[in-house]
Amino acid sequence: MNEPGSASARSAPGHDALDPIGLEILANGLRSVVDETFHSLMRSAYSTNIKERRDHSTGFLDPSGRLICQAAESLPIHLASMMGMVRRVLERHGDTLGEGDIFVANDPHTAGGTHLPDINMAMPVFVEGRLLGFMCNLAHHADIGGAVPGSMSGGLSEIYQEGLRIPAVRLFRRGELVSDVMDLLLLNARLPGERRGDYFAQVAACRLGARRMEDIAGRYGVDTLAAASDRLIEATEKRLRRAVADVPDGTYRFRDLMDDDGLQCEDFPIQVSVTVRGERIAFDFTGTSPQVPGNINATLNSTQAAVCYAVKALLDPEVEHNQGVLNVVEIHTERGSLVDATFPAPVAGRAHTCQRVVDVIIGALAPALPRAAVAAANGANTTAVFAGRDPRTGESYVYLETLGGGFGGRYGRDGG
């Protein structure tokens, strides 16, 4: 009998062409890997922001940077950062990727990030010398330097004030720590000990995921895994396009206002036109405010993540979140706008704008989807930062807490 990981097993009938049941078993195996890495990162992190607030995500991307699967508890906005980072890694380092490399990044203007506290890591996974994909994770660090503890205060007017900007650079090269890079990261943080612990928790999660993916590839073969990834994306896209086709054709519009940007702008608009034609759905944000001086601007990948979240929530909440969802949505924005901000726009509070993007999409599609739409909810993501020095030890601390709000009423149920 062939061993599961042997060459003959990988070429045996049934491994090169998975039937639907085999494909579902493999898909569940992939999901179990990213779920395990999610919990590994949560349990081994040092900061309460990751251990208790669970402000982190994990996922697996294929060699071209397409999202294949994400952990069930991942945050939608984080996926934009993971995919953006891997695109930059491929652009800058695609010809020099090596086994044991781990890349780190956070910058929204040069490295695919959405705001600076979200530290991305990506590890290329190789099997028999072939690139299988990237094991990725993201964690919101309680402080990344900048003008204020927590790196999240309102009133900041340029990206430089919000913390250390990290392009897509190697933190590990061929399995060895690039100590100069780690020294630079820690020097710019207010709590270097906690930051070091969180960085290495992310590293451990990458390595755990890489081992698990190598095991799966050893069982099924790299070619079969690649073919299965294509089929999973295609299945998601087809299922979501069928849901789009059930929406009455037409153009649906909605407009809302942001109260202020924390500096000098008040009552500036976010507006969208949603056009549905058969299985196509397009979102046009023309007319949205130009980017503002305050730090609630959103880069395009942040907006993309918000659109994908809203589409899933309204049309098919149970569909797998992978590249297939992104293939369905078409997005048009104006460069330099609030929802497609350009350098050096500050973006620390981009979640406020992303939440309002979700609100205007729901508002636009409410006439077409009255049973799925939700009335306006809290519409904000308020993070309180508590910082100071512990009088007992003299050590600094930074603690983040998210303050929730009410939820709007929906078909057959009151809000709360």
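1. Things to note about the nonpolar core
Okay, step 1: Within the largest apolar cluster, 60 residues are counted, with the highest numbers of intra-cluster contacts made by Val-274, Phe-283, Phe-285, Val-307, Leu-315, Val-357 and Ile-361.
Okay, step 2: With 8 residues, helix α10 (residues 350–365) is the single largest residue contributor to this core.
Okay, step 3: Apart from the residues lying within four places of it in its own chain, the contact partners of Phe-283 are Val-272, Ser-273, Val-274, Val-307, Val-311, Val-329, Glu-330, Ile-331, His-332 and Ile-361.
Okay, step 4: Of all hydrophobic cores here, the second largest spans 46 residues; its members include Ala-71, Met-123, Leu-185 and Ala-210.

2. Observations concerning unusual backbone geometry
Okay, step 1: Between Phe-343 and the following residue, Pro-344, the backbone shows a cis peptide bond with an omega angle of 5°.
Okay, step 2: Assignment of secondary structure puts Pro-344 in the loop between β11 (329–332) and α10.

3. Some points on the sheet that holds strand β1 (residues 56–61)
Okay, step 1: With antiparallel pairing, 7 strands are arranged side by side in an open sheet as β2-β1-β5-β4-β3-β6-β7. Where the open sheet ends on each side, the last strands, each with one partner, are β2 (67–70) and β7 (176–177).
Okay, step 2: Sheet topology places strand β3 (residues 102–105) next to strand β6 (residues 169–173); 3 bridges connect them, and they run antiparallel. Residue pairing for β6: Val-104 is matched across the bridge by Val-169.

4. Some remarks on the environment of Pro-344
Okay, step 1: Accessibility expressed as a relative area gives 34% for Pro-344, which makes it partly exposed.
Okay, step 2: Note: C-alpha distance between Pro-344 and Pro-108 (236 residues apart in sequence) is 9.7 Å.

5. Describing the sheet that holds β11
Okay, step 1: Read across the open sheet, the 4 strands follow the order β8-β9-β10-β11; overall the sheet is mixed. Only two strands of the sheet have a single partner each, and these edge strands are β8 (250–260) and β11. Strand after strand, the sheet turns through a mean of 20° between neighbouring axes, direction not considered.
Okay, step 2: The pairing of strand β9 (residues 266–277) with strand β10 (residues 280–284) spans 5 bridges and is classified as antiparallel. When the sheet's bridge partners are listed, Arg-277 is paired in β10 with Arg-280.

6. What to know about the layout of surface pockets
Okay, step 1: One number sums up the size of the second largest pocket: a volume of about 380 Å³.
Okay, step 2: Around the second largest pocket, the lining is made up of 17 residues, and of these Gln-70, Ala-72, Lys-312, Val-319 and His-321 lie nearest the centre.
Okay, step 3: Elements with a contribution of two residues or more to the lining of the second largest pocket: α2 (20–44), β2, α4 (76–93) and α8 (300–315).
Okay, step 4: With 3 residues, the single largest contributor to the lining of the second largest pocket is α8.
Okay, step 5: Residues that form the lining of the second largest pocket fall into these classes: 9 nonpolar, 3 polar and 5 charged.

7. Comments concerning a negative patch on the surface
Okay, step 1: Together, Asp-259, Asp-260, Glu-266 and Asp-267 make up a negatively charged patch on the protein surface.
Okay, step 2: Counting residues per element, the ones that place at least two in the negative patch are β8 and β9.
Okay, step 3: Checked against the element boundaries, Asp-260 lands in strand β8.

8. Observations concerning the pattern of salt bridges
Okay, step 1: Applying the stated criterion across every chain yields a total of 21 salt bridges.
Okay, step 2: Between Arg-212 and Glu-36 there is a salt bridge whose closest N-O contact spans 2.9 Å. You can see Arg-212 sitting in helix α6 (residues 192–220) and its partner Glu-36 sitting in helix α2, a full 176 residues away along the chain.
Okay, step 3: A relative accessible area of 29% means that Arg-212 is categorised as partly exposed.

9. Section: a nonpolar patch on the surface
Okay, step 1: A cluster of nonpolar residues, Phe-386, Tyr-397 and Tyr-399, forms a patch on the protein surface that exposes about 290 Å² of accessible area.
Okay, step 2: Along the chain, Tyr-399 turns up in strand β13 (residues 396–403).
Okay, step 3: Residue classification places Tyr-399 among the partly exposed residues on the basis of a relative accessible area of 30%.

10. Focus: the packing of aromatic side chains
Okay, step 1: Tallied over the full model, the rule gives 3 aromatic pairs.
Okay, step 2: Where Tyr-160 meets Phe-343, the ring centres are 5.9 Å apart and the plane angle is 90°; that geometry is what we call edge-to-face. Taken together, the residues Tyr-160 in the loop between β5 (130–140) and β6 and Phe-343 in the loop between β11 and α10 connect sequence positions 183 residues apart.
Okay, step 3: On the basis of relative accessible area, Tyr-160 is assigned to the partly exposed category, the value being 47%.
Okay, step 4: Centroid distance Phe-172 to Phe-200: 6.3 Å. Interplanar angle 85°. Geometry classified as edge-to-face. In this pair, Phe-172 sits in strand β6 while Phe-200 sits in helix α6, placing the two residues 28 residues apart along the sequence.
Okay, step 5: Phe-172 sits in the buried class, given a relative accessible area of 4%.
Okay, step 6: A relative accessible area of 29% places Phe-200 in the partly exposed class.
Okay, step 7: Over the aromatic face of Phe-172 sits the side chain of Arg-207, whose NZ or CZ is 4.6 Å from the ring centroid.

11. Looking at the packing of α6 against helix α7 (residues 222–245)
Okay, step 1: Where α6 meets α7, the axes come as close as 7 Å, and the angle between the chain directions of the two elements is 105°. When the axes of α6 and α7 are compared, the pair comes out roughly perpendicular. Across the interface between the two elements, Met-213, Ile-216, Ala-217 and Tyr-220 of α6 pack against Val-222, Thr-224 and Leu-225 of α7.
Okay, step 2: Of the residues assigned to the contact of α6 with α7, the class counts are 6 nonpolar, 1 polar and no charged.

12. Let's talk about the state of the cysteines
Throughout this description, disulfide means a covalent bond between two cysteine sulfur atoms.
Okay, step 1: Within the structure shown, the criterion is met by 0 disulfides.
Okay, step 2: Between Cys-265, a cysteine without a disulfide, and Cys-354, which holds the nearest cysteine sulfur, the sulfur-to-sulfur distance is 18 Å.
Okay, step 3: The closest cysteine sulfur to the non-disulfide-bonded Cys-308 is located on Cys-354, 12 Å from its own sulfur.
Okay, step 4: The class for Cys-308 is buried, based on a relative accessible area of 2%.

Conventions we followed
- Residues numbered from 1 in each chain as written.
- Predicted model: local features only at pLDDT ≥ 70, side-chain atom pairs only at ≥ 80, totals over all residues.
- Heavy atoms only, no water.
- Core = buried A, V, L, I, M, F, W, Y, C linked by side-chain atoms within 4.5 Å.
- Buried < 20%, exposed > 50% of the residue type's maximum accessible area, 1.4 Å probe, protein only.
- Helix = DSSP H or I, 4+ residues; strand = E, 2+ residues; numbered from the N terminus.
- Contact = heavy atoms within 4.5 Å.
- Pairing = 2+ DSSP bridges.
- Axes fitted to C-alpha atoms, helices over the stretch in contact; angles between N-to-C directions.
- 1 Å grid on protein atoms, 1.4 Å probe; cavity = no way out; pocket = protein on both sides within 12 Å on 5 of 7 lines; lining within 4 Å.
- Points joined across faces, edges and corners; volume = space filled by probe spheres on them.
- Nonpolar A, V, L, I, M, F, W, Y, C, P; charged D, E, K, R; others polar.
- Patch = residues over 30% accessible without salt bridge, like charges linked within 9 Å, V, L, I, M, F, W, Y side chains within 5 Å.
- Areas by Shrake-Rupley, 256 points an atom, 1.4 Å probe, with all protein chains shown as cover.
- Salt bridge = Lys/Arg side-chain N within 4 Å of Asp/Glu carboxyl O.
- Lys, Arg positive; Asp, Glu negative; His and termini not counted.
- Charge placed at Lys NZ, Arg CZ, Asp CG, Glu CD.
- Phe/Tyr/Trp six-rings, centres within 6.5 Å; stacked < 30°, edge-to-face > 60°.
- Lys NZ or Arg CZ within 6 Å of the ring centre and 35° of its normal.
- Parallel < 35°, antiparallel > 145°, perpendicular 65-115°, else oblique.
- Disulfide = S-S within 2.5 Å.

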